[in-house]
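Okay, here's what each chain looks like letter by letter:
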Amino acid sequence: MEEEQLAALDEVLLIVDMITILLLEERPLLGIVSVGLLKIVAKDRFIRIAFILLIIVLNVNRR
């Protein structure tokens, strides 16, 4: 991937991370821990985005 695409993807990851933490407002520590673990475990950016979107969808469906 080109450097511009990687920079754009990093910005998207940052925004999605913040959305995840805000959506888990009842337990914000859980959101911070899950985002942190995903950063450690998943090195591929697309996998991280997919898992974070899965967390968002599961949290929204729970309400």
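If you're wondering where the values come from, they're calculated on a predicted model, not measured in any experiment.

(A) Quick look at helix 2 (residues 28-41). With 14 residues, helix 2 extends 20 Å from end C-alpha to end C-alpha; this agrees with the ideal 20 Å at 1.5 Å per step. Residues of helix 2 that are buried: Gly31, Ser34, Val35 and Leu38. With its buried residues spanning 95 degrees around the axis, helix 2 presents them on a single face. The exposed set on the far side of helix 2, more than 90 degrees from its buried face, consists of Leu29, Ile40 and Val41.

(B) Expanded view of the nonpolar core. Core analysis: the largest hydrophobic core is formed by 7 residues, namely Leu9, Leu13, Val16, Leu38, Ile49, Ile52 and Ile56. Breaking this core down by element, the ones donating at least two residues are helix 1 (3-23) and helix 3 (45-62). Contacts of Val16, omitting those with residues within four sequence positions, involve Ile52, Leu53 and Ile56.

The rules behind the values
Residues numbered from 1 in each chain as written. Predicted model: local features only at pLDDT ≥ 70, side-chain atom pairs only at ≥ 80, totals over all residues. Heavy atoms only, no water. Helix = DSSP H or I, 4+ residues; strand = E, 2+ residues; numbered from the N terminus. Expected span 1.5 Å × (residues − 1). Buried < 20%, exposed > 50% of the residue type's maximum accessible area, 1.4 Å probe, protein only. Arc of directions from axis to C-beta. Core = buried A, V, L, I, M, F, W, Y, C linked by side-chain atoms within 4.5 Å. Contact = heavy atoms within 4.5 Å.

Bear in mind that shape data such as this cannot, by itself, settle questions of function.
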